[in-house]
Structure formats: structure tokens, C-alpha cells
Amino acid sequence: MSKLNRKKLIFAGVVCLLAACSATQTPSIQTAEIEPVKAQIIKAATVAAKHQSKLLTLQQIMADPDWIGRQPTSAYWSDNNQSVFYQQKQQASLQNILWQKHLDEPGNGTKVELSQLHLHAYKNRVLNPKKDTAAWVFEGNIFIKNLSRNELKQLTKDNRQPYNLKFLTDGRLSFQSGNAIYAIHPELGLYEQLVSWQFTDEPTALELPEDYIAQQQQQLIEVVALKRQQKKSRFENAQKLARQNTTVAPSEFYFPHGHELVSVSLSPNGKWLVLAERAASSVRQADDIMPNYINENGRIATVDVRPRVADTKPINQNLWLVNLESRDKRKLSYNSLPGYNEDVLEAVKRENAEAKGETYEANRLPRELKLLNGANGAIQWHSSGENVAIMLEAWDNKDRWLNTVSLSEATLVNQHRLHDDAWINYRFNSFGWLNTSTDLYYLSEESGYSHLYVKPLDASAKQVTFGSFEVDSLTLTSDDQYMYFKGNKKHPGIYEIYRVNLDNVSLESVTNLNGMTDYQLSPDEQSLLLTHSSLVRPPELYLQSVSAPSVQQLTHTTSQEFLDIDWLAPDIVPIKSSHTNQPIYSRVYAPKNKQPGKKYKAVVFNHGAGYLQNSHLGWSGYFREFMFHNLLAQQGYVVLDMDYRASAGYGRDWRTAIYRQMGTPEIQDLQDGVNWLVNNLDVDAQRVGTYGGSYGGFMTFMALFKEPELFQAGAALRPVSDWAHYNFGYTSNILNTPDVDPIAYERSSPIYFAEGLQKPLLINAPMIDSNVFFVDVVRLVQRLIELEKQNFETAIYPVESHGFVQPSSWLDEYRRIYKLFETNL
């Protein structure tokens, strides 16, 4: 186990000792032996305000966020490296406004006029191999720009809705529209169809006779036979013409009837096509609907919603390799992939079978596979067009395969298999090709943390980054010397920008801002456009050279009204866990003038999503909750916000601790948190409440139902009560599927433990929630009624979905939460 050299971390004038653990690379994810992280509390001092602190109110906190200022989002560089663009959302219209900020000019920049948007809305542009020409889509039309001459040209003005743009090696620009890929030659203006496909039976010259009558008619009547012969000749001539005359659009390719497209990718040399398809089936049931009661016509509308995990069936995706020159298409077999037919759920299925008094015998049936999209998609071509990499995952979520394709043999060649007995992370799946070789790079959690690897096609992979931290957001320099990335090497809650030398794997920190930092590398690869925030400051844009530490703030979008408030920055505390060697990093808000010997009331906030990090040193997505916690601290509360097990940022083992037991490790961590408050901050154990939304609402249920003495009251907002009703993509990772693993669902769903409710419970439920359905609350409330529980109340929000929009809804919700705590704590 290697340790970081002791170094001083300066954050708000406070020194903190940090340590990190290294991990060993293995072919599949292993549970790592992790030493305790030696980290002291980071006491983030309050940022001094210009005016005397004032008492916060719920009305101000829950008002339209415009009062805080509209922070820059989706920032990107201009072509000439001299300016940057960013968006600001206008709450009233929910529209994004594009701004341009010149680096050498003061202020926040200028709004891009609507008449000029097509000139600058190129965040998702593509570049040609020489990087001297860019192309993008604006409002369904293609624009192309010669960067050296600064010349812009509009190539299309139609309704084709192009996407999947790609420059070919001969200079043409290809794009997809419907079931076809087209190309435009920017200089000549030639517009051509390269390939098209249909999911139906391939047409034939003549249809076979339907029955005996038709057969006799065609044999006996000469004019009928003649017409059939003429029809056959016309068909064959059309086929020959399409094959032999290059001025004619090529004929279509045909794939199995009743199937549908998943994804398609054209090689840069225009010679090959990789196509993924699956059997067409409606993933929704007819009763996958919810009512919307508040509409402009005064009537009830039905809204289509996603299917439930309990109703979702796996659908295998098929891969095809198409040779556009020879007109040959071949299906790619998965049989070469290691573990393609392993019964990875054998132990789970046996446990569930035995619980029902049955037996289970393992099988070796092929598993259903599908594409797994990384940051740049699931199919990545080398710039030469002669190599392609494809990332696949199993529907059971236990395996990920990175493969190349032998174009001559039409076979998959496995380059890397990542197996996880729990589930493959939906993050950290970036991969691609180096620019100057045919080596692959990819992220993998096999060491226990997300790290970078480089792999030659005919040799073993080389690990490039090491340690107990996460690597993400990759950017490769054009010469392959460096890979830039975002990582939390310094501290789990501090994200800086790093770069690693791919030759000697030396790692250097580029930024040293402390907090949360994201980046965009400039086109000339000399500067970083940074989006940085701290505990009490929302994100702003900054500029930094890749070779110098000085940083220039580019935007100042936070309002003076917000800056004038003397915000309390929470301490970041590594709370000792009684169940794991790693501490539970937590935000702690305490009254400024705590009195010795006085016992305090406390609130424990549970963040949502499960796999989310909130105890970092940046601006929280839960900014309303941050302000609410400041209000509570002003009124004498201690507030605890924990990154319980399941949270992001702490490695694979922390993430998967909840596998098949959601609501168990997390509540154990809350118990440790409450004990820490009692032992360290003079909190009265009989005056602690809890609240949270979504996954946090689920945790409130589980805490009050399974550990009724832990909290004296709780508020569950937009909560999950039965995981069988949630979606497939999220839930099947953690609990498998209900038909395979009902044990996991029944031990993880609050509705099965409702009889344990003893303390006051507030349930706040939006009625048009397309994420966690309103029926989750309806079913639980009926269960509580049948159990004759009298200590709960429910508030409904008819016009809100999962993320509230209306300030009046936010205010009503938090007034009820505040009243719950004031009444019961």
C-alpha cells in the first residue's frame, strides 16, 4: 500500500492532512483491502460578506433562483482560442441564452443575437482530420467552416434532421438522416446517398403464386407469363444499374423483418458500416400512464410514462459488419467473448429458488448483450477507417467487453473484459484510439477505482494512473503525449484537473483551486477553460494556461444580494464507520456560537440518486438545501449531510455496498452519523430528525420503518416505496430484476416494512412525477391506512414533476418540513 507524501492542503486557511491508497490491477473487479483514510476535518471558514449577516427566510431561499444569479453552463471555446461561449438559463422562459465572452474584455460578455446563433452554436461540432474545417448542425441544418480562412457555408436547408456528423478521409462530410447515411462534398456541393437500410424482407423480382388458382393462371395464360417476365427483367436491370453505374444511388441493405435500428457507424474511409439492431417491441405497456389533472383545457390528460423494471424484458442486440464496396453484410457472433454464456446469476437464482422450496440448475445459455455507450458512444473507428472498437455490456449488468473487429474475418476480438459480481458502473466507460498509433485507451474500475489504461491490440494493457481516486472526463492531446482528466486525487471531495504523460505515466496537477472544477482544453491545447465552484460560491468560468498556475476569473454572474449574505460553509468531516475501514465523508453545519454544555437538536439530510456525491468542497446541486441548512444552523440546529455507502466518488466497493440490500448499509451509516453528532457536537439523541428527496426519501422511509428509535421525525420527498415500480436501467443494476431476485426487492423496498413506523412522517409527493411515480406514495399511504398508522401526513403537488419548478411549490414543501422539525424536535 503506497501513501501520498504528506502535503499541506490549504483551504480557507486551514491545513488538512490527506492520504490515499493505491490498488492493484486485476482482470475483474475485486473487493479491495482498504486502509483507513487518514484525514482530518476540513473546517471551511465562512467567506466574509460585505454587510452584516441577516436572518434567512424560507421565502427568500425558495424564491426563483434568479435572485442568486444565473451561473454559466455548457461552456466551450471559440475556434480562434480568443473567446469562450456559455449558456444561461432564464427561469421565466426556461430558455437557454448563449453568451460570448472575449478573454481580453471585462464583464461577462455579450448575448449572442438570435440572428447570429448559427455562427456560434457549435459546442458539438466535428473536425476533419487536419483540424482545419469544422461542421455542426443548427436547427436541423448543416454548417461548415473553414477555420484557416474563417469562412462559413450553409450546406443544407431542409427537413432531414441530420445527425451523427463525420468527416471522411477524402474530405466529404457524412451524416445520418432516417435509415440512410449521406455525404456532401463541401467544395463541389455534390450531395449523395452512401448507404441505406430497411428492416424487411429483401424484395425479389417476382412473388411466388399464392395458391393453386394463381399457379394455374400463370402457367396457362401467356400474357400473364409475359408480364411477369418483363417485370423480372426490369428488376434485374435496375439491380445491375445500381451495381455498375456509380452515378446511381446504391441499393438498400435489408435486415430482419420486425427489427429496428439501435445504432450505426460509418468508417472514416467510407468502406465499412457497423450496424446494431434488435427485435422491435414496445417497451411500454398500455397501462404505463399517469394522469395530469391541471391542464389548460380543464380536463384530465393521460401521460405516457416509462415501463417498470418488473415489466422489462431483455432484448438482445445484434451487430452487423457491412462492406460497402463488395455489398456484403455479415453478422458478428458473440461466441468469441469470454463469459458470453456464463450463468453469472447462478448463486442468486439458487438462493431464490431455495427460498421457495425449489432447486436450480446452472445453464450455459448465451446472455443478452447490448451496446454500452461511453463518453463518445459505443462504436469508435480509428482515423484510418481500418480498425473499429465496440463496447458491449450484458443485460444482467455483470460484464463489459471492449472489442475490436477483424474486418477480413467479420469476427469480434476481445481486448478487455471487465466483470463485476455486483454491477458494471454506468460511468467510467470512456474509450477510444490514440491519434498516432492503433493503441486503445479506456477507463476501468478493475483496481477498485476508475483509472486509465492503454492497450496495444496485440499486447497486454498498461495501467497509466494509480491510487485511491477516480479518473474521469478524458481529453487526449493531438500528439498523444498527455491525457487530461478530472480527478479527486487530493481529497475525495476536491476535484482538480490533471494530466498524465502516456509515455512515462508521470502525473502532474494542472489546477490547484480546491473545490469542484471541470474543464475544456482549448483548440490549440495551450489553455484550460475552467468551471469552478466552492462550498459557498456558485460556478464561474476561469482561464488558466496549461503551463502556468495563475488563474483568471472570466465571469461574475453571482448576484450582489447573494454575495452580501454571510453564508456558513459546512465542515467536511470524515466520520468513522463501524462497518468499513473507510470513513463516511459528511457536510456538517453547526451554529456559529455553540454554547458549552448545551444540548442541540439536529437534522440529517439524505441526498438523492444514491450514486451521487454531495460532501464535496464545491457548490452543491442541492443549493436550496444548502441555504435551508444555513437557516437551520442560524436557528440553533446542527445539520449533517452524509455521503453514505452507495455515494459516488469513493471507489467501487463504496458504490456497490448496497448490492441486493438497498437501505441497509446507508441506514447503518446514518446511525454512525447520529452517534458522531451526539459524541462530538453535543446533539441530543432524542431530538434528531431526517429528510431527503427521491433516494433520500426512500432512506427516510427505511430509517423510520426499520430503525424507529434513530430519528424522532422524518420527511420523505418524491420517495420510492417499492423498487419493482422503478425503472430498469437503475434498479436492475443494484437488485437484478424481480423475476430473478425477489428476495433483493423485498428486503430493499420500504412498503414491506411500513408496520415499523412509530414516529411522525411527512410524505411530499409530486403528482406528475415521470421518474418516481405518484403511485409509489399512493400504494404506501394505503398500506399505512390499513396498518392503522395515525402519525403520518401527505402533501401533494399537482403541477410538479420530480424536480420542482414553481417557487410556490418549493416554499410549501419546505414550510411543511420546517414545521415538522419545529414541532417534533
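Keep in mind that what you see is a predicted model, and the values were worked out from it rather than measured.

It is worth spelling out the overall build of the protein at this point. Per the secondary structure count, the protein includes 14 helices and 46 strands. Overall, the C-alpha framework of the protein stretches about 105 × 70 × 60 Å when taken along its three principal axes. Here the protein holds 825 residues, and 54% of them are scored as buried. Across the protein, every contact between residues at least 6 apart in sequence was considered, and the portion connecting residues at least 24 apart equals 60%. Within the structure as shown, the protein displays about 36500 Å² of accessible surface, and the carbon and sulfur contribution to it stands at 48%. Distance between charge centroids for the protein: 3 Å, based on 81 positive and 91 negative side chains.

This next bit is on the pairing of strand S18 (residues 289-292). Where burial is concerned, the two faces of S18 differ: the one with Met290 and Asn292 is buried and the one with Ile289 and Pro291 is not. Bridge analysis of S18 against strand S19 (residues 301-304) gives four bridges, and the strand direction is antiparallel. In the sheet register, Asn292 faces S19, and the bridge partner there is Ala301.

Before going further, it helps to spend a moment on the packing of helix H7 (residues 623-634) against helix H14 (residues 807-824). Two numbers describe how H7 lies on H14: the axes approach to 13 Å, and their chain directions differ by 35 degrees. H7 and H14 meet at a crossing whose hand is right-handed. Residue-level inspection shows Arg624, Glu625, Phe628, Leu631 and Leu632 of H7 in contact with H14, the latter providing Trp810, Tyr814, Ile817 and Tyr818.

As a further point, take the pattern of salt bridges. Summed over the entire model, instances satisfying the criterion amount to 37 salt bridges. In this structure, Asp288 and Arg308 form a salt bridge, with 3.3 Å as the shortest nitrogen-oxygen distance. Of this pair, Asp288 sits in the loop between strand S17 (272-279) and S18 while Arg308 sits in the loop between S19 and strand S20 (317-323), and the two are 20 residues apart along the sequence. The residue Asp566 makes a salt bridge to Lys592 at a minimum N-O spacing of 2.9 Å. Residue Asp566 is located in the loop between helix H6 (560-563) and strand S39 (571-575), and its partner Lys592 is located in the loop between strand S40 (584-589) and strand S41 (600-606); the two are separated by 26 residues in the primary sequence. Judged by relative accessible area, which is 48%, Lys592 ranks as partly exposed. Through salt bridges with shared partners, one network takes in Glu342, Arg367, Asp396, Asp399 and Arg417.

This part covers the nonpolar core. Core analysis: the largest hydrophobic core is formed by 113 residues, its most contacted members being Tyr691, Trp723 and Leu761. Take this core: its biggest share by element is eight residues, from helix H10 (residues 695-706). Discounting chain neighbours no more than four positions away, the residues touching Trp723 are Val309, Met662, Tyr695, Phe698, Tyr730, Thr731, Leu735, Tyr745, Ser748 and Ser749. Of all hydrophobic cores here, the second largest spans 23 residues; its members include Leu369, Ile390, Leu407 and Ala410.

Attention now moves to H7. The terminal C-alpha atoms of H7, which comprises 12 residues, lie 17 Å apart, in line with the 16 Å expected from a rise of 1.5 Å per residue. For H7, the set of buried residues is Phe623, Arg624, Glu625, Phe626, Met627, Phe628, His629, Asn630, Leu631, Leu632 and Ala633.

Let us now look at unusual backbone geometry. Unusually for a residue other than glycine, Val505 sits at a positive phi of about 55 degrees. Note on placement: Val505 falls in the loop between strand S33 (494-501) and strand S34 (507-509). For Val505, a relative accessible area of 29% puts it in the partly exposed group.

This part is about the sheet that holds S34. Read from one edge of the open sheet, four strands run S31-S32-S33-S34, paired in antiparallel fashion. Only two strands of the sheet have a single neighbouring strand rather than two, namely strand S31 (471-476) and S34. Across the sheet, the mean angle separating the axes of adjacent strands is 35 degrees when strand polarity is ignored. Direction of pairing for S31 relative to strand S32 (residues 482-491): antiparallel, over a ladder of four bridges. The partner of Asp472 across the bridge, within S32, is Lys486.

Residues at a pLDDT of 70 or more form 94% of the protein, whose mean pLDDT is 92. Low confidence marks residues 1-38, where pLDDT is under 50. Its contacts with residues over four positions away, or in another chain, come to 84 contacts.

The next subject is the sheet that holds S40. Strand order in the open sheet formed by eight strands is S39-S40-S42-S41-S43-S44-S45-S46, with mixed pairing between adjacent strands. This sheet does not close on itself; its edge strands, each paired only once, are S39 and strand S46 (792-797). When the angles between neighbouring strand axes are averaged without regard to direction, this sheet yields 20 degrees. Contacting S39, S40, S41, strand S42 (637-642) and strand S43 (683-693), helix H9 (residues 665-680) runs over the sheet at an angle of about 145 degrees to S42. Lying on the sheet, helix H13 (residues 774-786) is in contact with strand S45 (761-766) and S46; it crosses S45 at an angle near 150 degrees.

Further remarks concern the environment of Gln60. Summarising the element assignment, Gln60 is placed in helix H1 (residues 58-61). Sequence-wise, Gln60 and Ile584 are 524 residues apart; in three dimensions their C-alpha atoms are separated by 32 Å. Once residues within four sequence positions are removed from consideration, Gln60 is found in contact with Lys54, Trp67, Glu561 and Ile565. A distance of 3.3 Å separates a polar atom in the side chain of Gln60 from a polar atom in the side chain of Glu561.

Evaluation of the coordinates by the stated rule reveals 42 aromatic pairs. Between Tyr585 and Tyr650 the ring centres are 5.8 Å apart and the planes differ by 10 degrees, which places this aromatic pair in the stacked class. Residue Tyr585 is located in strand S40, and its partner Tyr650 is located in the loop between S42 and helix H8 (652-656); the two are separated by 65 residues in the primary sequence. For the pair Tyr585 and Tyr650, one class covers both residues: buried. Ring geometry for Phe701 versus Phe705: centroids 5.4 Å apart, planes at 10 degrees, classification stacked. Taken together, the residues Phe701 and Phe705, both in helix H10 and four residues apart, mark about one turn of the helix. Classification of Phe705 as buried rests on a relative accessible area of 4%. Aromatic rings pair up to connect Phe605, Tyr622, Phe628, Tyr691, Tyr797, Phe804, Trp810, Tyr814 and Phe821 into one cluster. The ring of Phe255 carries the charged tip of Lys329 above its face, separated from the ring centre by 5.6 Å. The ring of Tyr482 has Arg499 lying over it, and the distance from NZ or CZ to the ring centre is 3.9 Å.

Procedures and definitions
- Residues numbered from 1 in each chain as written.
- Predicted model: local features only at pLDDT ≥ 70, side-chain atom pairs only at ≥ 80, totals over all residues.
- Heavy atoms only, no water.
- Helix = DSSP H or I, 4+ residues; strand = E, 2+ residues; numbered from the N terminus.
- Buried < 20%, exposed > 50% of the residue type's maximum accessible area, 1.4 Å probe, protein only.
- Contact = heavy atoms within 4.5 Å.
- Areas by Shrake-Rupley, 256 points an atom, 1.4 Å probe, with all protein chains shown as cover.
- Lys, Arg positive; Asp, Glu negative; His and termini not counted.
- Charge placed at Lys NZ, Arg CZ, Asp CG, Glu CD.
- Pairing = 2+ DSSP bridges.
- Axes fitted to C-alpha atoms, helices over the stretch in contact; angles between N-to-C directions.
- Left-handed = near helix turned anticlockwise from the far one by under 90°.
- Salt bridge = Lys/Arg side-chain N within 4 Å of Asp/Glu carboxyl O.
- Core = buried A, V, L, I, M, F, W, Y, C linked by side-chain atoms within 4.5 Å.
- Expected span 1.5 Å × (residues − 1).
- pLDDT = per-residue confidence, 0-100.
- Polar contact = N/O pair within 3.5 Å; in protein donor to acceptor, adjacent residues only side chain to side chain.
- Phe/Tyr/Trp six-rings, centres within 6.5 Å; stacked < 30°, edge-to-face > 60°.
- Lys NZ or Arg CZ within 6 Å of the ring centre and 35° of its normal.

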